[in-house]
Amino acid sequence: AEQNLAKAAYLSSALTAVGGAKLLFEGAPRFHEFVVELPTDAEETNAALLEHKIIGGLPLARWYPELGPNASLWCATELTARAQIDAAADVLMNIKQPELNP
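Fair warning: this is a prediction, and the values are worked out from it, not measured in the lab.

**Looking at the overall build of the protein**
- Counting secondary structure elements, the protein contains 3 helices and 4 strands.
- Reading the secondary structure of the protein in the N-to-C direction produces α-β-β-α-β-β-α.
- Over its C-alpha atoms the protein spans a radius of gyration of 13 Å, differing by no more than 12% from the 13 Å that the globule rule assigns to 102 residues.
- By residue count, 42% of the 102 residues in the protein fall in the buried class.
- Across the protein, every contact between residues at least 6 apart in sequence was considered, and the portion connecting residues at least 24 apart equals 64%.
- Computed over 7 positive and 13 negative side-chain charges, the inter-centroid distance for the protein is 3 Å.

As structure tokens, this is what we get:
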């Protein structure tokens, strides 16, 4: 359980370090899942991650359209390695962000 909490905290920090990304429901209790709003569309983000054999977060627009197309549910467990988290963050940093890089 402590590993889940630690890995989720590390992953949420890595994802929110991406310019324009923010943690949604920040004050809500959580264990190893959390919602992030990325600066790019969640489906497009996942496609870019998949090119690097990384599975991204679950896009939430289908079930929660009020969160918008960029919100996704991410998860980290004791089996998630820091290297995997760092690799996902690296890919996200290099995704073209239209509003930041016209």
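Next comes the rest of the description.
**Comments concerning the side chain of T45**
- With respect to the helices, strands and loops of the structure, T45 is situated in helix α2 (residues 42-50).
- A residue is classified by how much of its surface remains accessible, and T45, at 1% relative accessible area, is buried.

**With respect to the sheet that holds strand β2 (residues 33-37)**
- In space, the 4 strands of this open sheet follow the order β1-β2-β4-β3, with antiparallel pairing throughout. Two strands bound the open sheet, and with one partner strand each, they are β1 (22-24) and β3 (58-59).
- Where β3 meets strand β4 (residues 71-75), 2 bridges bridge the pair, whose relative direction is antiparallel. If you follow P59 over to β4, its bridge partner there is S72.

**Side note on the layout of surface pockets**
- There is about 270 Å³ of room inside the largest pocket.
- Its residues placed into classes, the lining of the largest pocket shows 9 nonpolar, 4 polar and 1 charged.

Rules and cut-offs
- Within every chain, residues take consecutive numbers counted from 1 along the sequence as written.
- Only residues with pLDDT of at least 70 are given local features in this predicted model, and only at 80 or more are side-chain atom pairs given and counted; all residues enter the totals for whole chains, interfaces and linings.
- Values reported for side chains reflect all heavy atoms of the structure, with hydrogen atoms and water molecules removed beforehand.
- Numbered from the N terminus, helices here are DSSP runs of H or I no shorter than four residues, and strands are runs of E no shorter than two.
- Radius of gyration: over C-alpha atoms. The globule rule applied is 2.2 Å multiplied by the number of residues raised to the 0.38 power.
- Only protein chains enter the accessibility calculation, which uses a 1.4 Å probe. A residue is then buried if its area is under 20% of the maximum for its type, exposed if over 50%, and partly exposed in between.
- By definition in these notes, contact holds between two residues if any of their heavy atoms fall within 4.5 Å.
- By the counting rule applied here, Lys and Arg register as positive and Asp and Glu as negative, while His and the ends of each chain are not counted.
- Working definition for charges: the position is that of NZ of Lys, CZ of Arg, CG of Asp or CD of Glu.
- Two strands qualify as a pair provided DSSP detects at least 2 bridges between them.
- A cavity, in this analysis, means grid points on a 1 Å lattice covering only the protein atoms where a 1.4 Å probe fits yet has no way out; a pocket is instead an open set bounded by protein on both sides within 12 Å along at least five of seven lines, and a residue lines either one if it has an atom within 4 Å of a point.
- Grid points are joined across faces, edges and corners, and a volume is the space filled by probe spheres set on the points.
- In the scheme used here, Gly and all other residues not listed as nonpolar or charged are polar, with Ala, Val, Leu, Ile, Met, Phe, Trp, Tyr, Cys and Pro taken as nonpolar and Asp, Glu, Lys and Arg as charged.

So yeah, pure geometry; function would need other evidence.
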